[in-house]
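Architecture at a glance
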Amino acid sequence: MRWMCAFSLLGFPALAPAADEPMPAGVRSPVEPGDSLRHFELHPDARIELVAVEPQVVDPVAMAFDEAGRLWVVEMSDYPNGPAEGEPPKSRIKVLRDRDGDGFFETATLFAEQLLFCNGLLPYRGGVIVTLSGQIAYLKDVDGDDRSDLFETWFTGFAEENPQLRANHPTLGRDGWVYVSNGLRGGKVIAAKEQWKAGAEPVDISRSDFRFHPETGACEAITGTGQFGLSFDDFGNRFACSNRNPCMHVVLEQRDVAWNPLVRIAELRHDVSPAGELSRVYSITQAWTTSTLHAGQFTAACGVTIYRGDGLPSEFYGNSFTCEPTGSLVHRDVLIPDGATFKSHYGRPEVEFLASRDSWFRPVGLAHGPDGALYVCDMYRAVIEHPQFMPEELKNRPDLNLGNDCGRIYRITARGDSAPARSAFLAHLASEELVPLLAHPNVWQRETAARLLGERGNRNVVPQLKQLTTQGEPRTRTAALWLLQRFGAIDDGVREAILSSSEPSVIAQLLLADGSALSQDDRWRARIKPLAATDDGALAFRLALFAASLTDDDLRSEILQTLSGGMSDDRWLREAILIAAHDQPGRILPVLFDAADAEQAAPRGEMIRRLAEQIGQRNQPDELAAALALLDPESSVFDGLSLLQGLGDGLRRTGRTLPQLAEQSPADVKAAIADIFTAAAQTALAVEADPAQRAAGLEFLRHAPSGIAEESFRKLALEEPYVPLRQNAIEFWAAGNAPATAETLLADFSRQTPAIRSTILTALSQNRGLTATLVDALEAKQIAVSELSPIQQRQLQSHNDPGLKTRIGQLLANSGAADRKQVIEQYQPALTLPSDPLRGRAVFQKNCITCHRIGNLGVNVAPDIADSRTKTPEALLTDILDPNRAIDNNYFSYTVLLDDGRVLTGIIAADTGTSITLRQPEDKTTTLLKDEIEEMKSDGVSLMPAGLEKNISVQEMADLISFIKNWRYLDGAVPLKTGP
């Protein structure tokens, strides 16, 4: 039976108090709108109420209030698979009105329909900017009948591979540009509006987000990638999210990095909230994930919003809120400034801001309202996951569309509020009346006023705006400043007022909004220079990036030298300094060598190395000589090592080496370099030294003369007890491509731990000069082919020696055991027999729970098998009957003989250098000192034995496979598929 959500609204109250009695967890059928509030657990200082329900609103994914107080809603009724062949698109845009002012939007008008996969909108100039299938469009009601008469395609080329992963969330920035989240699939975007086409070039937004100017059509790729969500804070910091990343701050823009093509920066964003396996959510319904490893974590984070309204208590201002629809909850984090970015902590320990026991509650979007409240879009449906990411057996299930006629929107305000706030809407206000609203405590009032002022372009308000830049809160001054920037009206009076203030946040905004003018005027450059002594991390970061634009080399050096002199542990400030150093990295190095703060030795060393790397890449004799002159005997050995490491890395890119540079240097410099090579070798080999310093010394030896390097690499690769250092030594030693190295590494291979074995195999498979020795060992069965990872196999198969490539192909083709092939053939009927997952659960309990875990059954000693979404029944059958066919290196069985005569078998879960932890069936763990181990040897097979078929019939195998594929549906929340 198909559940229907078209409940009657007769007599439906706008407000419904939460019931005192708890509701049962995991509600599995739709709940009437009036009862839905009883299922929520909400922060005790807040209250929640319904403001719109089906049929007025269905499948809402995005919403926004316009200046008249109308609530615009995107209904993505194409979800999840889109229209059937021959059917029109199903997305719609509706306009909702609260005509009687009771807080409930009882009137819905269909503004536009037959849109394909529409997912976002932004009110603009009386219409809306809309993101939909592969494009950005502008829709407007021209004749006043509440229906769209105008449809203009502004941009096309956004990827359309997946309905759930498309460009979304058009958001107006304070600079007048519209920012758009990528959706993860990218595209090559080009202007389609007639006035913007001339000279337009496609913009590749792979791994980037997108922005455009709605008046000029200018557009560009920007730092990304956001999946579904985009938000700003009061100072223009941009935040995004993706499934496993609930709140990411874009710290560096691509245009910032462009100042210096020589600097390598690994990441431009920062996870403000814990992400991936570090994230935690606390659902109160029976939410399931495709893998047990993701249970209790973010798996569908979306709609991130930095709350800046005044409808909730003041402690919520500036917090991040992120929807997690699979867990039926909205998560809250408290953001704390941390240098150039932020850190966070959960709003409440182990309790969500908003969670529902109704598993159909699917929050996907959030918005600020004119009343300062936080509004929540609830798609309200049985299944929220897209079929592309589901197990194969779920992709065409009937429940995918359950709830496609449902939808709810909620308002969340402070608990003390007794009635919805009656907000003054802005549509009919004169421009002079809008300016004071830039100081309003609710961001919707501030940003809507700013948008209208920008659209109108009325310069009569410039004196009012200038006045606001000199008084009030920093956010007010910032809002006024950016409007002046858009009007081209920042003058010396504004600059003087801001630079004379003690507000670092506003000064930082001036550097952003007016940087070009400031950098070209001696008066203002002189005023900015002393600011580099600031202890405000955000301002220091902005000053460094401002310095990147300066053509006055002396001033730029002085600013960067001052910022570097108080070397910070803020890595983002260091990145900004490295960017700004571009054509004069050598002018900052002396300051770092003069700094003697032992607590900042690590960040200082990193800065020295990376600046020196730029010098090496530039390969200018004068710069190289000046850098080498810093090798003063009074300086820290590790500062000198960092310097030479960086120079060596940079020179390598030009085809030169550090020993070559040393030979061309004065005798004293040459001697200093030799001393540092010797000191690095001694440090790398010193067991009692700090591991980080040992690692730095070892890495530096890659630039050493071959004699010093070979001796150190060999000793550490064969004898070092500290595993990470030993792995590095193996990698560096193998890079020399000497066949004798491979022979030595393989001589005692069977007695090595999984981590070391994996490192050896990787080193031999990726260094072409060693591959032949590895293939010899594989053919001699010294190493089992099954021990090679898929990546290592691909590396071997890519070898360019035809004869060797043929031998590798034969090895990989013949790696399966003949008897296992016969057993697999005998069990093929299990793939077609009718099956029962409940019987299969009993088979699993009897035979598998000592090593495997599915749901709440068993333990995860062996690899996780609960994530069966991409595993076909055929693959599962092979894995069960031939467990040694492909083994993760971490799951090889080891036999350990102890000095007291005991023999233990298990997998090595940890190796600290002095001890190992053996993990055995039934999740038993034993930690052994290496001193008590007489012999340890890999058995070359999986901990899971072959021959399981002796205990499992063909019918039981069919049931077991059905259980592995269907375990997550046995609670009845999702219809069960039985049979083959």
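Residues numbered from 1 in each chain as written. Predicted model: local features only at pLDDT ≥ 70, side-chain atom pairs only at ≥ 80, totals over all residues. Heavy atoms only, no water.

**Focus: the environment of Arg 125**
Quick note on the threshold: Only DSSP runs of H or I with at least four residues qualify as helices, and only runs of E with at least two residues qualify as strands; both kinds are numbered from the N terminus onward. Whether two residues are in contact is decided by their heavy atoms, any of which lying within 4.5 Å being enough. Polar contact criterion, stated in full: a pair of N or O atoms within 3.5 Å, where within protein one must be able to donate a hydrogen and the other to accept it, and residues adjacent in sequence count only if both atoms are side-chain atoms.
Mapped onto the elements of the fold, Arg 125 is located in the loop between β7 (120–124) and β8 (127–132). Arg 125 has contacts with Tyr 138, Lys 140, Glu 215, Arg 451, Gly 454 and Glu 455, leaving out every residue within four places of it along the chain. A distance of 3.0 Å separates the side chain of Arg 125 from the side chain of Glu 215, its partner in a polar contact.

**Examining the packing of helix α30 (residues 873–881) against helix α31 (residues 954–966)**
Rules: Whenever a helix is involved, its axis is fitted only over the stretch in contact; in every case the axis is a line through C-alpha atoms, and angles between N-to-C directions fall within 0 to 180 degrees. Note: crossing handedness is left-handed where the near helix turns anticlockwise from the far helix by less than a right angle, and right-handed where it turns clockwise. As a working rule, the residues Ala, Val, Leu, Ile, Met, Phe, Trp, Tyr, Cys and Pro are called nonpolar, Asp, Glu, Lys and Arg charged, and the rest polar, with Gly in that last group.
Put simply, α30 and α31 touch, their axes get as near as 10 Å, and they point 115° apart. The crossing of α30 and α31 is right-handed. Contact with α30, carried on its side by Pro 873, Leu 876, Leu 877, Ile 880 and Leu 881, involves Met 957, Leu 960, Ile 961, Ile 964 and Lys 965 of α31 and no other residues of that element. Residue composition of the contact of α30 with α31, grouped by class: 9 nonpolar, no polar and 1 charged.

**Let's talk about the sheet that holds strand β19 (residues 245–250)**
Two orientations exist for strands paired in a sheet by backbone hydrogen bonds: parallel and antiparallel. Quick reminder of the rule: DSSP calls a pair of strands paired once it identifies at least 2 bridges connecting them.
With antiparallel pairing, 4 strands are arranged side by side in an open sheet as β17-β18-β19-β20. Either end of the sheet is taken by a strand with one partner, and the two such strands are β17 (230–232) and β20 (269–271). Put simply, the sheet's adjacent strands are angled 30° from each other on average, direction ignored. Where β19 meets β20, 3 bridges bridge the pair, whose relative direction is antiparallel. Across the sheet, Val 250 pairs through a bridge with Arg 269, a residue of β20.

**Some remarks on the packing of helix α29 (residues 837–847) against α31**
Put simply, the rule is: Roughly parallel means an angle under 35 degrees; roughly antiparallel, over 145; roughly perpendicular, 65 to 115; everything else is oblique.
Here α29 crosses α31 at 100°, and the two axes come no closer than 7 Å. One element, α29, and the other, α31, form an angle in the roughly perpendicular class. For the pair α29 and α31, the contacting residues are Pro 837, Arg 839, Gly 840, Arg 841, Val 843 and Phe 844 in the first and Gln 955, Glu 956, Asp 959, Leu 960, Ser 962, Phe 963 and Asn 966 in the second. Of the residues assigned to the contact of α29 with α31, the class counts are 5 nonpolar, 4 polar and 4 charged.

**Focus: the pattern of salt bridges**
Filter applied, for reference: Salt bridges are defined by distance alone: a side-chain nitrogen of Lys or Arg within 4 Å of a carboxyl oxygen of Asp or Glu. Accessibility here uses a 1.4 Å probe with only protein chains present; expressed as a share of the type maximum, an area under 20% marks a residue as buried, one over 50% as exposed, and anything in between as partly exposed.
Following the criterion strictly, the structure yields 58 salt bridges and no others. Arg 147 serves as the salt-bridge partner of Glu 113, at 3.3 Å between the closest nitrogen and oxygen. With Glu 113 in strand β6 (residues 107–115) and Arg 147 in the loop between β9 (135–140) and β10 (150–158), the pair connects residues that are 34 residues apart, well separated along the chain. Look at Arg 147 and you get partly exposed, because its relative accessible area is 32%. Between Glu 194 and Lys 197 there is a salt bridge whose closest N-O contact spans 3.6 Å. With a gap of 3 residues between them, Glu 194 and Lys 197 both fall in helix α2 (residues 194–197), about one helical turn apart. Given a relative accessible area of 41%, Lys 197 falls into the partly exposed group. Ionic contacts of the salt-bridge type, sharing partners, join the residues Asp 492, Arg 495, Asp 514, Asp 521 and Arg 523 into one network.

**A closer look at the environment of Ser 133**
Here Ser 133 shows up in the loop between β8 and β9. According to the relative accessible area criterion, Ser 133 is buried, its value standing at 9%. Dropping the residues within four chain positions of it, Ser 133 is found in contact with Leu 116, Phe 117, Glu 160 and Arg 166. Among the polar contacts made by the side chain of Ser 133, one reaches the side chain of Glu 160 at a distance of 2.5 Å.

**Comments concerning the side chain of Ser 642**
With respect to the helices and strands, the residue Ser 642 is situated in helix α17 (residues 637–652). By relative accessible area, Ser 642 is classed as buried at 13%. At a separation of 2.8 Å, a polar atom in the side chain of Ser 642 contacts the main-chain carbonyl oxygen of Phe 638.

**Comments concerning the sheet that holds β8**
Read from one edge of the open sheet, 6 strands run β7-β8-β9-β10-β13-β14, paired in antiparallel fashion. Two strands in the sheet have a free side with no partner beyond their single neighbour: β7 and β14 (203–204). Sheet analysis places β7 next to β8, joined by 5 bridges and oriented antiparallel. Bridge pairing in β8 links Leu 121 to Val 130.

**Some words on helix α5 (residues 443–456)**
How we decide: Helices are assigned an expected span. That span is 1.5 Å times one less than the residue count.
Between its first and last C-alpha atoms α5 spans 20 Å; for 14 residues at 1.5 Å apiece the expected length is 20 Å, and the two agree. Of all 14 residues in α5, 11 are buried, a share of seventy percent or more. Among all positions of α5, only Val 443, Trp 444, Gln 445, Arg 446, Thr 448, Ala 449, Ala 450, Arg 451, Leu 452, Leu 453 and Glu 455 are buried. Against β3 (60–65), β7, β11 (168–172), β26 (363–368), α4 (431–434) and α7 (474–487) lie the buried residues of α5. Gly 457 lies just past α5 and shows a positive phi near 60°.

**Let's talk about the pairing of strand β28 (residues 408–414)**
With 7 of 7 residues buried, β28 is to be regarded as a mostly interior element. As paired strands, strand β2 (residues 46–53) and β28 are joined by 7 bridges and run antiparallel to one another. Its bridge partner lying in β28, Val 53 is registered against Arg 408. As defined by bridge partners, strand β27 (residues 374–378) adjoins β28 across 5 bridges and the pair is classed as antiparallel. Opposite Asp 378, over in β28, you have Arg 408 as the bridge partner.

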